[in-house]
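# Descriptive analysis of the structure
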Amino acid sequence: MKNKVSQLLFNITLIISFMFAASIVREQIIYRVEGINRYKMYRLIYYGCSYGLLGSILMIYTIKIDSTIILDLRFLAVTIVCLYAGMVPAIIAACIIGVMRLLLFGITASGIIGAATIMVMALLSGWTVRLPYRPFIRFQLMNSISLLCIFFSLSFLFKDIMHAATIIIYLLPASFIGGCLVYLVGRYIYVSRVTTSQHKKLSKMFSVMVQNAKTGTMIETPEREVAVINQTFCDMFDIPGPPNQYVGLKSNQLFLSHAPMLKDPARFLKTVESTVYSKESIVDEEITFINGKIYARDYIPIYEGHVYIGHYWEYRDITEKKKAECDLRKANKKLEMLSMKDGLTGLNNRRSLDKQLEIEWEYALKEKEPLSFLLFDIDYFKAYNDTYGHIQGDECLKEVANIAKSLVFDESAFVARYGGEEFGILLPRANQYEAIKMAEAIRQQVEQRAIIHQASDVFKCVTISVGIMTVVPSENIQLISIVHQADQALYEAKRTGRNRISVYSHHKEADSNV
């Protein structure tokens, strides 16, 4: 009994060892074949021949039950190769086993029946493997079909069903125990091979992707050794030679040797160390090189589950992007400045005056300081346009604007074209006396410029009328009131004869003219 168990275990060990060996050889030889179709053909032939050889060996190392009953497990070679490689390798293996049966034991009736039986097993196993069952169920079905084939062939050969049944009874536990062990090992090899193959494909795809990426990429181990580095990264840091030569080196050595390329090397190195220590992701951190290049740096700590396995660094050249952003900011600033300017006179426009008035009002409210606003327009300007034409009218407007601008020396004062022939001057921290003084200077200068205006009912030269409002802002006064009240003062100056100044008073609609 002990001898029989030893022979069974030897056969099972032989099968398992052969399966591992066949898998290793396949890894070394078949995977190197180029072309999908050639690879598939070579794979089928390889498995068929390999397991045909295994079945032939199993015929030699038999399990002797007694003087009349000798068992072998050659059929397991056919079922296992059929399960994991398909019908074609199973038929190839069966053909080899059948031929070897005739060569080893002679061309006899039993030899021919044995060869035919193994072929039938291969065909039936090929049909069974396509059934929509789990692999283990299909394997046991193939095993059972093989035992039935053996039973019928033995019954036909010996003409004795009882003798055939006796052999099957002995073969059944051997095939079941051996089959289960062989299936489990085969499953392990198959899953490992598929997983390894997938990992290799993914690794190759990732490697190709990294090497061809337009971004500088480096992956480090937890010990800060370079695991992956691409040519773009080397080009960015001016690192010579092919990138593969730096795999295994400490990454901080690369950074230290090329830190002088950076505008702020000390800050760069400190940031790298603190980032690695904290293991917190960063995105779009800007790094500036002394050659003017600007890179955006990303960092991602790599985890497998909860286990920390490395660092991922990526650098992107954003020099052109930053230049475009800078140009856009300049263009927007220029556009904003243009939108705040009057196209004819070059003064600030009403929109910018309204914004500046809000700023100065808030400041005067906070500091409790006076704020003066002058609003003036050109007397009988419509008549001037009708008499001299719009082109000359535009020249008149520009001349008056230049006079106002030239007489305002305070940097905080704000001169604007308010609309049409109206102009406004905002005088922060100016009291009423200072506002009157400024208004009278402008009025006199316009009059003295002696711009001919024959259509004027006031004077035969261009003149202006001015309305003044001075206020110390408070919570009870609305901002818009300063404009409205200056406008009322201007109206009063026009009503009382033009070419004069009128100051708004809270006690009367407008003070006596100046």
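Residues numbered from 1 in each chain as written. Predicted model: local features only at pLDDT ≥ 70, side-chain atom pairs only at ≥ 80, totals over all residues. Heavy atoms only, no water.

## Quick look at the overall build of the protein
- A tally of helices and strands in the protein yields 16 helices and 12 strands.
- In summary, the protein has a C-alpha radius of gyration of 50 Å against a globular reference of 24 Å for 514 residues, an excess of more than 25%.
- Taking the principal axes of the C-alpha coordinates as reference, the protein spans close to 145 × 50 × 45 Å.
- Split into buried and exposed, the 514 residues of the protein put 46% on the buried side.
- Taking the intrachain contacts of the protein between residues at least 6 apart in sequence as the baseline, contacts between residues at least 24 apart amount to 61%.
- Accessible surface, the protein: about 27,900 Å² in total, of which carbon and sulfur atoms supply 60%. (Helix = DSSP H or I, 4+ residues; strand = E, 2+ residues; numbered from the N terminus. Rg over C-alpha atoms; globule rule 2.2 N^0.38 Å. Buried < 20%, exposed > 50% of the residue type's maximum accessible area, 1.4 Å probe, protein only. Contact = heavy atoms within 4.5 Å. Areas by Shrake-Rupley, 256 points an atom, 1.4 Å probe, with all protein chains shown as cover.)

## Thoughts on the environment of Ile-480
- Structurally, Ile-480 can be placed in the loop between strand E11 (464-471) and helix H16 (481-495).
- In this structure, the C-alpha to C-alpha distance between Ile-480 and Asp-354, residues 126 residues apart in sequence, is 9.4 Å.

## Points about the nonpolar core
- Among the nonpolar cores identified, the biggest contains 50 residues, and Ile-15, Met-19, Tyr-51, Leu-73, Phe-75 and Leu-171 are the most heavily contacted of them.
- Every element with two or more residues in this core is listed here: helix H1 (2-29), helix H2 (36-60), helix H3 (74-85), helix H4 (87-105), helix H5 (109-128), helix H6 (135-158) and helix H7 (161-211).
- The element that contributes the greatest number of residues to this core is H3, accounting for 10 residues.
- Leave out the neighbours within four places in its chain, and Tyr-51 touches Phe-18, Met-19, Ala-77, Ile-80, Val-81, Ala-93 and Ile-97.
- Counting 32 residues, the second largest nonpolar core, distinct from the first, contains Leu-397, Ala-401, Ala-404 and Ile-451. (Core = buried A, V, L, I, M, F, W, Y, C linked by side-chain atoms within 4.5 Å.)

## Examining the pairing of strand E5 (residues 282-288)
- One ladder, built from five bridges, connects E5 with strand E6 (residues 294-304); its direction is antiparallel. When the bridges of E6 are listed, Glu-286 appears paired with Ala-296.
- Here E5 folds back onto E6, and the loop between the two strands holds five residues, one of which, Gly-292, carries a positive phi near 95°. (Pairing = 2+ DSSP bridges.)

## Concerning a negative patch on the surface
- There is a patch of like negative charges on the surface, built from Asp-354, Glu-358, Glu-362 and Glu-475.
- Mapping Asp-354 onto the fold places it in helix H12 (residues 350-367).
- Under the relative-accessibility criterion, Asp-354 is labelled partly exposed at 33%. (Patch = residues over 30% accessible without salt bridge, like charges linked within 9 Å, V, L, I, M, F, W, Y side chains within 5 Å. Salt bridge = Lys/Arg side-chain N within 4 Å of Asp/Glu carboxyl O. Lys, Arg positive; Asp, Glu negative; His and termini not counted. Charge placed at Lys NZ, Arg CZ, Asp CG, Glu CD.)

## Considering the sheet that holds strand E10 (residues 422-428)
- Pairing is mixed in the open sheet, where five strands are placed in the order E9-E10-E8-E11-E12. A strand with exactly one partner marks an edge of an open sheet, and here the two such strands are strand E9 (414-419) and strand E12 (501-503). Direction aside, the axes of adjacent strands within the sheet are offset by 20° on average.
- In terms of strand pairing, E9 meets E10 through five bridges, oriented antiparallel. Among the inter-strand pairings, Val-415 is bridged to a residue of E10, identified as Ile-425.
- With respect to the sheet, helix H14 (residues 390-407) is in contact with strand E8 (371-378), E9 and E10, its orientation differing from that of E8 by roughly 155°. (Axes fitted to C-alpha atoms, helices over the stretch in contact; angles between N-to-C directions.)

## Details of the packing of aromatic side chains
- Within this structure, the stated rule accounts for 18 aromatic pairs.
- On the basis of an interplanar angle of 70° and a centroid distance of 5.7 Å, the ring pair of Phe-233 and Tyr-315 is categorised as edge-to-face. Taken together, the residues span a long stretch of sequence, with Phe-233 in helix H8 (residues 231-236) and Tyr-315 in strand E7 (residues 307-317) at a distance of 82 residues.
- The class of Phe-233 is buried, set by a relative accessible area of 1%.
- Classification of Tyr-315 as buried rests on a relative accessible area of 0%.
- Among the aromatic side chains, those forming a connected cluster through ring pairs are Phe-233, Phe-237, Phe-268, Phe-289, Tyr-295 and Tyr-315. (Phe/Tyr/Trp six-rings, centres within 6.5 Å; stacked < 30°, edge-to-face > 60°.)

## Quick look at a nonpolar patch on the surface
- Residues Phe-10, Ile-60, Tyr-61, Leu-104 and Phe-105 make up a contiguous nonpolar surface patch of roughly 490 Å² in combined accessible area.
- The topology assignment puts Leu-104 in helix H4.

## Topic: the sheet that holds strand E4 (residues 226-229)
- Across the sheet, which stays open at both edges, the five strands sit in the order E4-E3-E7-E6-E5 with antiparallel pairing between neighbours. The outermost strands of the open sheet, each flanked by one partner alone, are E4 and E5. Within the sheet, the average angular offset between the axes of one strand and its neighbour, ignoring direction, is 20°.
- Here E6 runs beside E7; their pairing, made up of 10 bridges, is antiparallel.

## A few points about H3
- Taking 1.5 Å per residue as the helical rise, H3 with its 12 residues ought to reach 16 Å, and the 17 Å between its terminal C-alpha atoms agrees with that figure.
- Judged by how many residues are buried, H3 sits mostly within the fold: 12 of 12 residues are covered.
- Of the positions making up H3, those classed as buried are Arg-74, Phe-75, Leu-76, Ala-77, Val-78, Thr-79, Ile-80, Val-81, Cys-82, Leu-83, Tyr-84 and Ala-85. (Expected span 1.5 Å × (residues − 1).)

## A word on the packing of H3 against H7
- Relative to each other, H3 and H7 sit at 35°, their axes nearing to 10 Å. With respect to the hand of their crossing, H3 and H7 are arranged in right-handed fashion. Contacts between H3 and H7 involve Phe-75, Leu-76, Ile-80, Leu-83 and Tyr-84 from the first element and Leu-171, Ser-175, Gly-178, Gly-179, Val-182, Tyr-183, Gly-186, Arg-187 and Tyr-190 from the second.
- Taken together, the residues that form the contact of H3 with H7 break down as nine nonpolar, four polar and one charged. (Left-handed = near helix turned anticlockwise from the far one by under 90°. Nonpolar A, V, L, I, M, F, W, Y, C, P; charged D, E, K, R; others polar.)

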